[in-house]
Amino acid sequence: MSDISRRKFLQTTSASALLFFSGLNNTQAAAAPKAYPSKKIGNIKNLKPNEPLAFNYPDEQSPCLLVKVDNETIGGVGPQKNVVSFSTLCTHMGCPLTYSKGRLVCKCHYSMFDVSRNGQTFQGLASQWVAQIVLRMDAATGNIYAEGVEGLIYGRIGNLKLS
Amino acid sequence: MSLFKRKDSLPIPPLDAEKYTTVCQYCSAGCGYNVFVWPEKRSGTAKSNAFQVDLSQQSQLLSGFSYTETMHNVITRKNGNRYNLAIIPAKESRINKGNYSIRGGTNALTAYTPTGQTKDRLKDPLLRKENGFVAISWDDAVEIIATVTKSSIDKYGADSIAMKFYDHGSSGLGFEDNWGAGKLFLSGIQTHYLSIHNRPAYNSEVWGSRERGMHELNYDVDDARLADTIVLWGANAYEGATVFFTEHMMPNLQGGSVEEKQKEFDAGEPAEEGRIIIIDPRKNATITVSQEINAERVLHLRPNLGTDWILANALARIAWENKWYDNDYLQKRTDMVTFEAYKSKSLQLAKSLDAVLAEAEKITGISRKEMEEAAGWIAKPKTGGFKRRTLTLYEKGIIWNMKNYDQVAAIAQLNVLTSNVGRPGTGCGRLGGHQEGYVRPGAPTPGSIYAGGPPKNVDNYITGGGGKIYWVGATDPYLSTPNSKFFKKSVKKRATNLLDYLDNGGIPSDPKAYIAKVLEAFEKTDGLFMIVQDIYRTHTSEDAMLILPAAGWGEAVDTSINCHSRLLRIYDKFLDAPGEALPDWKILALVGNKLKALYEAEGNKVMAERFGGMEWKTDAEVFEAGSHEFGDNKAAEIDEAKLSAECFKGVTHEMLRKLGNEGIQTPVRQDPASGKLIGTKRRYKYSFASKDGLFKWYGTDAWTGYPAEVAKYVDNPTYPFWFTTGRSQHVWQTMYNDKRIPEKLLTLPLPYLEIHPDDAARLNLKTGEMAEVFNEEGSCLALVYVNDATKPGLVFGLMYHAKGTMNNLTSSYTDPKTTIPWYKGTKVAVKKYTGKLDDAIKTVSLLSNNDFTTG
């Protein structure tokens, strides 16, 4: 994308997404943990269908979302296996992904990822499927924990701190 | 949880990693890539690495540096050692500026690895025996081919040899391989039964433009950013030439190129965000993405199948009526003698505007209002009287339409009538599919019926029992040729007849005895000796007698040009070809040199000479040898139109290696003043490519309905749906690479059909179910997507897929003027499939790929 259209893109992007970019200036080495932490990111009782919850994982430089969709998913938790979580950095060139109608949409080049089907790029330019967050739900409390990442987070040489 | 193994870190190339420049192996965009190779056990660091990027920093969005899971692989070289391979988009390329598509982003995954998903690459020449194929030596393979070919020429004539080969660049091919094929088949064998990869004959798909004096690649990527209006006509740019669309057209629609326009345009000329007209029967992703960006500046016209040239002529008539043309330009730059035929037949000036447009409305299904709006966007002068700048790009929806010649000619003429060629922001030509790399000795059929044609239909020749040897190179006609079921059935029968004869008493192991028996079979049966030369086994190769292993992309030094700037670059060698696989040109040279030796041995100097000039040792030598075909390229800038579009005379591999991603734009001319080699950014500023430099007009045919092969269906209620085909963004051609890449196969596991919700409801069909699509030509079982991409009464199918081809359904009709097939239109029935659904549907995405809306 040329510089000019990039500016235009940024003008038209939602403010909430921009907050995430501004956080990405820190060095990855300083931020990334050595192993995937177990992090409580929500509770199934508080999730409303198709209303995603934003969080960062495995560190503060990696925006993600948790969403309850209408159907069973690959890798989903909960009684209906319909709660899934993904990185919200487009794997194509790092733009923010917006959740809508069961998919993540990138407004830079219009890649779209199916959250029910393993984050596959069903349309667009991203040759890598979006990174999916490994979830665990505590059946007793309904708490949902992020416990790993499958796939590379955009812009990194590794999801975790390089050894 | 993942459907296939994912990575969460990638190796880092050390500072001294091997570095090469190349160009993507896929589409016409030709994105630049940088290749890094380093021993598997070695690593650079975040701060010090061959990428010259600080990897301790997380990449910013749109920074132009992307290194993803799909851009890395581990290869084994012939020395037995393992190496990391990273193939990443080149930020310094002005074509892609670090951007890449879902195809190019997986270039690294296509590299040959002995234990990975490409392990089934062809490694040895294979000869068909009683129970399948057995490996043989190159010496034996070459002896068999050359001796059988020679005997066949001597006994039955050169036309007993037929071929179907690529004529293009990219896909692991280039000028080198094309020159090799040209020398063997055109100079040496001299058969008339030549055909080009995707079609039944040896022809240009755009003689309708070339015979006007306008080569189809006459613009630059910059023109897509400078145009006031972009017209995409039967050209799904977002999905087919993805980076060209997203990097050059999209910024224009967003208003991101206004400053560039202000610099290039005339003083006082209005410069604003661009408009786009998309002419396509289907509401494809190019349209819906454009609408997402700026719906008010998108016009979508959906003509009835086969009627586009009537629409182009109607738009031209509106422009004429409004005097949206420059009479001075027409007088000076175009041939006013042939213009009379254009005025009478295409513009139909003897009829009133109302009568012409009423008829056009009826034929095309496009309203007069839409036509007037489109004509205005194309041709109406801007405020201040400045000429509008319109870039018109057409592709398979036009060239593979009914009446190929007239369709292309009508669009070319609309653009020249409105002065939309040769200025910044203008141009008229192909969007392209693959890249190009054509250099061959003169073809036996130089043009359409108006210029020495039409060329012979090789499919009809082969299926009708003609020919003895059929050599297929880097194409899979069982999937890709029109009316493919009939073709496959006919070839299989003839191949089986040959095999049965050879098998009677056992297939001889000794090459000489084998050759003798093949020649006997030629006498006694209609047997066809098919040779398939490719990188993998193909659907067609199951009926070959010999399979030859070719080197792929990155396994030989190749050169090609892209379509959107004619940018010539080097595609360097960074991989070892598997086993005994050889570059195409080398295989062809081995056979040519053997034929030469066989004719010399019997003292036939005339024939031996025909096979001379193939004694090349290196890729660079073949490139240089081919360049002489272009003749003298000493020319001043104003004479560029006299040069062949792909002329690279004087350019060497060494020079291209130094130029890297910058490349040089063809035609390359030797400047008479400076003696330097200079590329050509944009064509036809001064004159056209005809003898007198004037654009030659042509009066197109009137509408006379559909050809018999399709007309039989028109009022037949058994086949209620119009049917058209196209491609998916994900996969390249027959999926020869992509079916081995999990990301691709999981997302596109089956051939698919798009159907309108109204029609689907009537057939009780839902997304995710399967249906049989069929007509009298053939059938295909497909995964169903119900969406609004098609109109009621029209269904769309993926053209071909590794698991089934919709070309079974297309007719055998070709344009009598050019022998180009109408792949894109016929009629079919659709029947719901009630068997068990394919397991792949459990993991495939069933979401609509033309809906980008959020919220």
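A quick note: this is a predicted structure, and the numbers were derived from the prediction, not measured. (Residues numbered from 1 in each chain as written. Chains lettered and ligands numbered in written order. Predicted model: local features only at pLDDT ≥ 70, side-chain atom pairs only at ≥ 80, totals over all residues.)

**As for the packing of helix α2 (residues 175-189) of chain B against helix α20 (residues 584-601) of chain B**
Residue and element names in this part refer to chain B.
Reasoning step 1: It is the contact of α2 with α20, at a shortest axis distance of 7 Å, that shows an interaxial angle of 25°. As judged from the angle between their axes, α2 and α20 are roughly parallel. Classified by chirality, the crossing of α20 by α2 is left-handed. Along the contact surface, α2 presents Glu176, Asp177, Trp179, Gly180, Ala181, Lys183, Leu184 and Gly188, while α20 presents Asp584, Trp585, Leu588, Ala589, Val591, Gly592 and Leu595.
Reasoning step 2: Across the contact of α2 with α20, the residue classes break down as eight nonpolar, three polar and four charged. (Axes fitted to C-alpha atoms, helices over the stretch in contact; angles between N-to-C directions. Helix = DSSP H or I, 4+ residues; strand = E, 2+ residues; numbered from the N terminus. Parallel < 35°, antiparallel > 145°, perpendicular 65-115°, else oblique. Left-handed = near helix turned anticlockwise from the far one by under 90°. Contact = placed C-beta atoms within 7 Å. Nonpolar A, V, L, I, M, F, W, Y, C, P; charged D, E, K, R; others polar.)

**Considerations on unusual backbone geometry**
Reasoning step 1: Backbone torsion omega between Tyr57(A) and Pro58(A) reads 0°, so that peptide bond is classified as cis.
Reasoning step 2: Of note, Pro58(A) is situated in the loop between β2 (53-56) and β3 (63-68).
Reasoning step 3: Pro667(B) follows Thr666(B) through a cis peptide bond whose omega is -5°.
Reasoning step 4: Among the secondary structure elements, Pro667(B) is positioned in the loop between β19 (664-665) and β20 (669-670).
Reasoning step 5: A positive phi angle is found at Lys323(B), which is not glycine, with a value near 60°.
Reasoning step 6: Following the sequence through the fold, Lys323(B) ends up in the loop between α9 (308-321) and α10 (327-333).

**Here's the deal with the domain arrangement of chain B**
Residues and elements named next belong to chain B.
Reasoning step 1: The assigned domain composition of chain B is domain 1 (18-110), domain 2 (126-198 + 437-615), domain 3 (218-430), domain 4 (620-678) and domain 5 (708-842).
Reasoning step 2: Spacing between the C-alpha centres of domain 1 and domain 2 amounts to 35 Å.
Reasoning step 3: Facing 15 residues of domain 1, the contacting portion of domain 2 comprises 18 residues.
Reasoning step 4: Secondary-structure elements contributing two or more residues to the side of domain 1 that touches domain 2 are β1 (18-23) and β2 (32-39).
Reasoning step 5: The biggest single contributor to the side of domain 1 that touches domain 2 is β1, with four residues.
Reasoning step 6: Grouping the amino acids of the side of domain 1 that touches domain 2 by side-chain chemistry returns eight nonpolar, five polar and two charged. (Domains from an automatic or database assignment.)

**Notes on the interface of chain B and chain A**
Reasoning step 1: The interface of chain B with chain A comprises 52 residues on the first partner and 52 residues on the second.
Reasoning step 2: Mapped onto the side of chain B that touches chain A, the elements with two or more residues apiece are α6 (242-254), α8 (285-294) and α25 (742-747) of chain B.
Reasoning step 3: When residues in the side of chain B that touches chain A are grouped by element, the largest group, six residues, is from α6(B).

**Overview of the sheet that holds β1(B)**
Residues and elements named next belong to chain B.
Reasoning step 1: Spatially, four strands are ordered β1-β2-β4-β3 in an open sheet, and the strand pairing comes out antiparallel. The two strands at the open ends of the sheet, each matched to only one other strand, are β1 and β3 (72-76). On average, each strand axis in the sheet is tilted by 30° relative to the strand beside it, whichever way the strands run. (Pairing = 2+ DSSP bridges.)

**A word on the environment of Leu311(B)**
All names here are of chain B.
Reasoning step 1: Assignment of secondary structure puts leucine 311 in helix α9.
Reasoning step 2: Among the residues examined, leucine 311 registers 27 C-beta atoms within 10 Å and is labelled buried.
Reasoning step 3: Along the primary structure leucine 311 and isoleucine 411 are separated by 100 residues, whereas in three dimensions their C-alpha atoms are 9.3 Å apart.
Reasoning step 4: In this structure leucine 311 touches Pro303, Ala360, Thr364 and Ile366, once residues within four positions along its chain are discounted. (Buried ≥ 20, exposed ≤ 12 C-beta atoms within 10 Å, placed from the backbone.)

**Things to note about the packing of α2(B) against helix α22 (residues 619-627) of chain B**
Residues and elements named next belong to chain B.
Reasoning step 1: For the pair α2 and α22, interaxial distance at closest approach is 8 Å and the crossing angle is 65°. The angle between the axes of α2 and α22 places the two elements in the roughly perpendicular class. Between α2 and α22 lies a crossing of left-handed hand. Only Asp619, Val622, Phe623, Ala625 and Gly626 of α22 make contact with α2, whose side of the interface consists of Phe175, Glu176, Trp179 and Gly180.

**Notes on the nonpolar core**
All names here are of chain B.
Reasoning step 1: Of all hydrophobic cores here, the largest spans 300 residues; its most connected members are Leu315, Ile411, Met530, Ile531, Leu546, Ala782 and Val784.
Reasoning step 2: The biggest single contributor to this core is α9, with ten residues.
Reasoning step 3: For isoleucine 411, the contacting residues outside a window of four places in its chain are Trp233, Ala312, Thr392, Tyr394, Ile398 and Cys428. (Core = buried A, V, L, I, M, F, W, Y, C linked by C-beta atoms within 7 Å.)

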